[in-house]
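Survey of secondary and tertiary structure
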Amino acid sequence: MSHPLVSIVMGSDSDLEVMNEAAKVLDQFDVAYEIDISSAHRSPARTSEFSRKAATRGVKVIIAGAGGAAHLAGVIAAETTLPVIAVPIASTPLGGLDSLLAMVQMPAGIPVATVAIGKPGATNAGILAVQILGTGDAELAKKLAAYKEKLAHGVVEKSKKLQESRKK
Ligand code: RP5
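All values reported here derive from a predicted model rather than from experimental measurement.

So, the overall build of the protein chain
- If you tally the helices and strands in the protein chain, you get six helices and five strands.
- Its helices and strands taken in sequence order, the protein chain reads β-α-β-α-β-α-β-α-β-α-α from the N to the C terminus.
- Overall, the C-alpha framework of the protein chain stretches about 65 × 40 × 30 Å when taken along its three principal axes.
- Taken across its 168 residues, the protein chain has 40% of its residues classed as buried.
- In the protein chain, 67% of the contacts between residues at least 6 apart in sequence involve partners at least 24 apart.

Examining the domain arrangement of the protein chain
- What the domain assignment reports for the protein chain is domain 1 (6-136) and domain 2 (138-168).
- Facing ten residues of domain 1, the contacting portion of domain 2 comprises seven residues.
- For the domain 1 and domain 2 pair, buried surface summed over both sides reaches about 730 Å², with 71% attributable to carbon and sulfur atoms.
- Along the contact surface separating domain 1 from domain 2 lie zero salt bridges.
- Linking domain 1 with domain 2 are one residue pair in polar contact (both at pLDDT 80 or more), by the criterion used here.

Overview of the packing of helix α5 (residues 119-134) against helix α6 (residues 138-167)
- Two elements in contact, α5 and α6, have axes whose closest approach is 8 Å; the angle formed by their N-to-C orientations is 140°. Here α6 runs oblique to α5, going by the angle between their axes. Crossing handedness for the pair α5 and α6: left-handed. Here α5 contributes I127, V130, Q131, L133 and G134 to the contact with α6, which in turn contributes L140, A141, L144, Y147 and K148.

Topic: helix α4 (residues 97-104)
- Among the residues making up α4, those that are buried are D98, S99 and M103. Viewed along the axis of α4, the buried residues span an arc of 120°, placing them on a single side of the element.
- Where α4 is buried, its residues meet β3 (61-67), β4 (84-89) and β5 (113-114).

A short note on the environment of G58
- Residue placement: G58 occurs in the loop between α2 (44-53) and β3.
- For G58, a relative accessible area of 15% corresponds to the buried category.
- The spatial distance from the C-alpha of G58 to the C-alpha of L5 is 6.4 Å, given a sequence separation of 53 residues.
- When near neighbours in sequence (up to four residues on either side) are disregarded, G58 contacts H3, P4 and L5.

Parameters and conventions
Residue positions within a chain follow its written sequence, with the count starting from 1. Where totals are concerned, whole chains, interfaces and linings use all residues; where local detail is concerned, this predicted model gives features only for residues with pLDDT of at least 70, and gives and counts side-chain atom pairs only at 80 or more. To get the side-chain values, all heavy atoms of the structure are used, and hydrogens and water are removed first. Helix numbers and strand numbers start at the N terminus; a helix is a DSSP run of H or I with at least 4 residues, a strand a run of E with at least 2. Here the term buried applies to any residue with accessible area under 20% of the maximum for its type, exposed to any over 50%, and partly exposed to those in between, with areas from a 1.4 Å probe on protein chains only. Contacts are assigned to residue pairs that have any heavy atoms within 4.5 Å of one another. All the domain ranges listed were derived from an automatic or database domain assignment. Values labelled buried area give the accessible surface lost by two parts on being combined, using a 1.4 Å probe and summing over both. Criterion for a salt bridge: a side-chain nitrogen of Lys or Arg within 4 Å of a carboxyl oxygen of Asp or Glu. Pairing of N or O atoms within 3.5 Å defines a polar contact, subject to two protein rules: one partner must be a possible hydrogen donor and the other a possible acceptor, and residues neighboring in sequence count only if both atoms are side-chain atoms. Axis angles are defined between N-to-C directions and span 0 to 180 degrees, where every axis is a line fitted to C-alpha atoms and, for a helix, only to the segment in contact. Under this scheme an angle from 65 to 115 degrees is roughly perpendicular, one under 35 degrees roughly parallel, and one over 145 degrees roughly antiparallel; angles in between are oblique. What makes a crossing left-handed is the near helix being turned counterclockwise from the far one by less than a right angle; a clockwise turn instead makes it right-handed. Think of the arc as the fan of directions from the helix axis to the C-beta atoms.

Right, here's the structure in full:
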């Protein structure tokens, strides 16, 4: 099996249902990935080791999902030069706004690309990872163009259905 180009990491197994949406996208585009759990707060040494070694293992993009005081993506970005995409997860009574703000408000110099809260964000994290890889992979870029065409076609189909239903 080819080595993982994308690493999906999350703070807890309770994040898995959301983060699986990113994995589904990578499966769809045939991109090799790994998926694991590491916590910025509960296992800082493990997270640090992961961050420092990811690039030398051949990983090109990291997707990090976490909820609450979501520092995972930021602490990973602090210790790698790989692009880090952050997925805020709604795992507390604050509904994900806590995670979103914790992830998006990074200090200048240490960027993380923060996507939407929850499953749509995880899906977009997967697509964004493929797009990053696609800048250096013509085959992937072609698949991405086809994906966008399919999305546009879906809208046309919905429009047709709506207009048909209005005729009745
Ligand atoms: C965060 O705390 C995790 O990313 C998760 O979203 C949240 C709750 O974790 P568990 O208490 O379910 O393990 O660190």
